[in-house]
Amino acid sequence: MIIQNLTLHNFRNYEDETFSFTDGVNVLVGRNAQGKTNCAEAVFYLCTGASLRIRHDKQLIRKGTDCAVLRAETQSRFGPVALEAHIFENKRELFLNGNKVSRAVDFLGNMKSVFFSPGELRIVQDGPDERRRFLNLSISQTSKAYASALLRYNKILDQRNNLLKERDVGLIFETLPVWDEQLASYAAVLIRHRREYLKQLSPLAAEAHSFLTDGGEELRLSADGDYPETEGEIAEKLKKELSSAYERDVRLGFTTVGPHRDDIRILVDGNDARGFASQGQTRTAALSMKLAELEIFKRLSGEAPVLILDDVMSELDLPRRKKLLARTQGVQCILTCTHAERLLYGKETHKIRIQGGRIVR
Ligand SMILES: Nc1ncnc2c1ncn2[C@@H]1O[C@H](COP(=O)(O)OP(=O)(O)O)[C@@H](O)[C@H]1O
Ligand SMILES: [Mg+2]
């Protein structure tokens, strides 16, 4: 899958620009704060329906305007796909091949991307939220069942948490079982998908890590949480756990069990990478997980996703940079770098210079 053109209208610091990408390595070159990451973010948004870090789409709209438009023409193995998003302050409209789609799940995953930046080291370093975010974004791109279960789960979870903050304890205890029935069934979908995904991701990440470290280190990923085999059994188990946590949940005012609390363990040479791994090991582990993600997307959809590398190359030593580029042969890359390092990528790359939200032609 490749993205051929990307048009940005009133998106971040872009007023009106169209990028043309090649199917190889595209390098966005420019000084700081010119719009390189913004361009990468736009590609990511069209893949996932989510922006990189922010909570409110509003920040994506160019200051002083009221609607941002992102448009991409892509080529998948099934033919051309056009993706378009209109982002307003309080709503957005998504279009697939010119037709408005009412459900976000029908939009996301039509173009797939793997995104890596120094910020992604948080997956290894930070709390479980970051790892769940990684799983959610990654699995949602490949499974509509997961994406829609996740939306519903979160909605019910919000409602359940609101209920837990009620004053009328009688009402709470009466109503909780109603929510739990639904919560547990969506939770089971999430848990089963995550387990399947990790089963694939773990050996691929281990292999990538070994490749990047010349076999010097071993990476292992595993899910915490102990769940039975089928979705039905998982849901039953969760329902029991939810009901035995009622008092605690009421006291704390939020739901303390479920997949919104689960984590992945990341072990480098048998040690928990969080808090133990050096900066270099952390970077390699995170990169290995992303390369594994890329491989899974390839297997599941029969074609490579777009690989976005934002500010990553400068942080890697030359041998690793070469390895990474070798690994991504045949994958469309969009990578960003500053002026000083632009020479590092050889002649075959397609360079696009960016200055103040404009392409310099
Ligand atoms: N909604 C917005 N409207 C106008 N400018 C924005 C908006 N959001 C971000 N910017 C500007 O975009 C620039 C940062 O762009 P970015 O892509 O992160 O830079 P870099 O080239 O370093 O990756 C900053 O100058 C910031 O002020
Ligand atoms: Mg940047």
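Criteria and thresholds
Residues numbered from 1 in each chain as written. Chains lettered and ligands numbered in written order. Predicted model: local features only at pLDDT ≥ 70, side-chain atom pairs only at ≥ 80, totals over all residues. Pairing = 2+ DSSP bridges. Helix = DSSP H or I, 4+ residues; strand = E, 2+ residues; numbered from the N terminus. Contact = placed C-beta atoms within 7 Å. Axes fitted to C-alpha atoms, helices over the stretch in contact; angles between N-to-C directions. Buried ≥ 20, exposed ≤ 12 C-beta atoms within 10 Å, placed from the backbone. Near = placed C-beta within 6 Å. Nonpolar A, V, L, I, M, F, W, Y, C, P; charged D, E, K, R; others polar. Domains from an automatic or database assignment.

Draft legend 1. Structural detail: the sheet that holds strand β9 (residues 219–223). The strand order across the open sheet formed by 3 strands is β9-β10-β11, and the pairing between neighbours is antiparallel. Looking at the sheet topology across the chains shown, the edges are occupied by β9 and β11 (271–272). Here β9 pairs with strand β10 (residues 264–268) via 5 bridges, running antiparallel. Along β10, the bridge assignment pairs Arg220 with Leu267. In the packing of helix α6 (residues 169–212) onto the sheet, contacts are made with β9 and β10, and the angle to β9 comes to roughly 170 degrees.

Draft legend 2. Local environment of the pairing of β10. Here β10 shows a clear split, with Ile264, Ile266 and Val268 buried on one side and none of Arg265 and Leu267 buried on the other. Pairing analysis gives 2 bridges linking β10 to β11, with the strands arranged antiparallel. Pairing of Val268 across the sheet is with Asn271, part of β11. Joining the antiparallel neighbours β10 and β11 is a turn of 2 residues, in which Asp269 adopts a positive phi near 50 degrees.

Draft legend 3. Here's a closer look at the site of ligand 1. The environment of ligand 1 is made up of 14 residues, and the closest members are Asn13, Ala33, Lys36, Thr37 and Asn38. Taken together, the residues of the shell around ligand 1 sort by class into 2 nonpolar, 8 polar and 4 charged.

Draft legend 4. Inspection of the pairing of strand β2 (residues 14–20) at higher detail. Bridge analysis of strand β1 (residues 2–11) against β2 gives 6 bridges, and the strand direction is antiparallel. Within β2, the residue paired with Leu6 across the bridge is Phe19.

Draft legend 5. Molecular detail of the domain arrangement of the protein. Partitioning the protein into domains gives domain 1 (1–112 + 305–361) and domain 2 (122–304). Distance between the C-alpha centres of domain 1 and domain 2: 27 Å. At the interface, 18 residues of domain 1 touch 17 residues of domain 2. At the level of elements, α1 (36–48) and α11 (318–327) are the ones that each hand at least two residues to the side of domain 1 that touches domain 2. When the residues that make up the side of domain 1 that touches domain 2 are grouped by side-chain class, the tally is 8 nonpolar, 4 polar and 6 charged.

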